[in-house]
Amino acid sequence: MAELAIIGGTGLTTLKNLEIRKREVMRTPYGEPSGPLVHGRLCDKDVVFLPRHGHGHTIPPHMVNFRANIWALKETGVDRVIAVAAVGGIEPGLKPPMLAIPDQIIDYTWSRKHTYFESNLSQVTHIDFTHPYSESLRRLLIDAAEKLGIAFVDHGTYGATQGPRLETAAEIDRLERDGCTMVGMTGMPEAALARELALDYACCAVVANRAAGRGEDDGEISLEAIDANLSQGMETVRHLLETAIPALDSLTNDCNSL
Ligand code: HPA
């Protein structure tokens, strides 16, 4: 059974050093995941990889079948998920291609299938989501980042927007007033669905750009620059994962104690 699932975001559709053992096509009660689960060995551990936007990067953020993805990972037997996601930096210190390990979320998405608890319920079900990310998985990532000496931020509030368009400058002003320090399109409902299935879940955010209105050039966002920043940032993510994974043995699960 795999010890860890990694969900790859934009710019991370493969894990270079993953020794692939098999590809598993999964069907779930919620439809098909973004693609076959890729099982393999990374740093002597069994790992399962799923690119959120599909293996050919064709599924836009608002069309990702988050329920099927998280269900498939649970079904395959993992209890921990590290989700890699591109973000725009709102807080002044968050510049590309830095990494950030957020500790909070504000959800601005709409009309996404965001829960497993909607029908055939014996009673209405709620989950605690005060701390949306697993603290032990966050710590694993933070320790690895410190060990590598890379530029990163160990906290932050992830504002999840609907996409696929980027935000207006006024929307980013609003997110900043709300307390968001970074903005991305895929952090929700993924994190909440993972909690509903009692999976430990943490996000490794890669700053692809300064958020709208926050950068140079009148604050407009260059899509070419995003691509360049992401390929640099994702290389750092690969190193981070390969530093973090060997330390998995020493980890306790947060969700198992819920
Ligand atoms: N906004 C939303 N999502 C993003 C951004 C952004 O600026 N950059 C990368 N993903």
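K.L.:
In this structure, what is going on with the packing of helix H2 (residues 135–148) against helix H5 (residues 223–244)? I would like to understand it.
P.N.:
For any two helices packed against each other, one specifies the crossing angle of their axes together with the interaxial distance. Contact geometry of H2 with H5 gives a least axis separation of 9 Å together with a crossing angle of 110 degrees. One finds that H2 runs roughly perpendicular with respect to H5. When you trace H2 past H5, the crossing you get is right-handed. Seen from H2, the contacting residues are Leu 140, Leu 141, Ala 144, Ala 145, Lys 147 and Leu 148; seen from H5, they are His 239, Leu 240, Thr 243 and Ala 244. A per-class count over the contact of H2 with H5 returns 7 nonpolar, 2 polar and 1 charged.

K.L.:
Please explain unusual backbone geometry as it appears in this structure.
P.N.:
Both trends apply: most residues other than glycine have a negative phi, and most peptide bonds are in trans. That bond from Pro 96 to Pro 97 is cis: its omega, -5 degrees, falls within 30 degrees of zero. Tracing the backbone through its elements, the reader meets Pro 97 in the loop between strand S5 (80–89) and strand S6 (99–100). Omega for the bond connecting Met 188 with Pro 189 falls within 30 degrees of zero, at 10 degrees, which places this linkage in the cis form. Despite not being glycine, Asp 44 shows a phi value in the positive range, around 65 degrees. Mapped onto the fold, Asp 44 is located in the loop between strand S3 (37–42) and strand S4 (45–51).

K.L.:
Is there a simple way to think about the state of the cysteines in this case?
P.N.:
Here is the idea: a disulfide is a covalent bond, and it sits between the sulfur atoms of two cysteines. Overall, the coordinates contain 0 disulfides when judged by the stated rule. You can see Cys 43 has no disulfide; the closest cysteine sulfur is in Cys 204, sitting 14 Å from it. A residue is classified by how much of its surface remains accessible, and Cys 43, at 29% relative accessible area, is partly exposed. Between Cys 180, a free cysteine, and Cys 203, which holds the nearest cysteine sulfur, the sulfur-to-sulfur gap is 13 Å. By relative accessible area, Cys 180 is classed as buried at 3%.

K.L.:
Could you clarify how one ought to interpret the site of the ligand in this entry?
P.N.:
With respect to spatial proximity, the complete set of residues near the ligand consists of Ala 86, Val 87, Gly 88, Leu 166, Glu 167, Val 183, Gly 184, Met 185 and Asn 209. Contact distances for the ligand include 3.4 Å between a nitrogen atom and a backbone N or O atom of Ala 86. Within the side chain of Glu 167, a nitrogen or oxygen atom sits 2.7 Å from a nitrogen atom of the ligand. Listing elements by their share of the shell around the ligand, those giving two or more residues are S5 and strand S10 (182–184). Ranked by the residues each element gives to the shell around the ligand, the list is headed by S5, at 3 residues.

K.L.:
How should the packing of aromatic side chains be read in this particular structure?
P.N.:
Within a pair of aromatic rings, the relevant descriptors are the distance that separates the centres and the angle that separates the planes. In total, this model carries 4 aromatic pairs according to the counting rule given. Residues Tyr 30 and Trp 71 carry aromatic rings whose centres are separated by 5.2 Å and whose planes lie at 65 degrees to one another, so their mutual orientation is edge-to-face. Taken together, the residues Tyr 30 in the loop between strand S2 (19–24) and S3 and Trp 71 in helix H1 (residues 66–76) connect sequence positions 41 residues apart. An angle of 10 degrees between the planes, with centres 6.2 Å apart, marks the rings of Tyr 133 and Tyr 201 as stacked.

Conventions we followed
- Residues numbered from 1 in each chain as written.
- Predicted model: local features only at pLDDT ≥ 70, side-chain atom pairs only at ≥ 80, totals over all residues.
- Heavy atoms only, no water.
- Axes fitted to C-alpha atoms, helices over the stretch in contact; angles between N-to-C directions.
- Helix = DSSP H or I, 4+ residues; strand = E, 2+ residues; numbered from the N terminus.
- Parallel < 35°, antiparallel > 145°, perpendicular 65-115°, else oblique.
- Left-handed = near helix turned anticlockwise from the far one by under 90°.
- Contact = heavy atoms within 4.5 Å.
- Nonpolar A, V, L, I, M, F, W, Y, C, P; charged D, E, K, R; others polar.
- Disulfide = S-S within 2.5 Å.
- Buried < 20%, exposed > 50% of the residue type's maximum accessible area, 1.4 Å probe, protein only.
- Near = heavy atom within 4 Å.
- Polar contact = N/O pair within 3.5 Å; in protein donor to acceptor, adjacent residues only side chain to side chain.
- Phe/Tyr/Trp six-rings, centres within 6.5 Å; stacked < 30°, edge-to-face > 60°.

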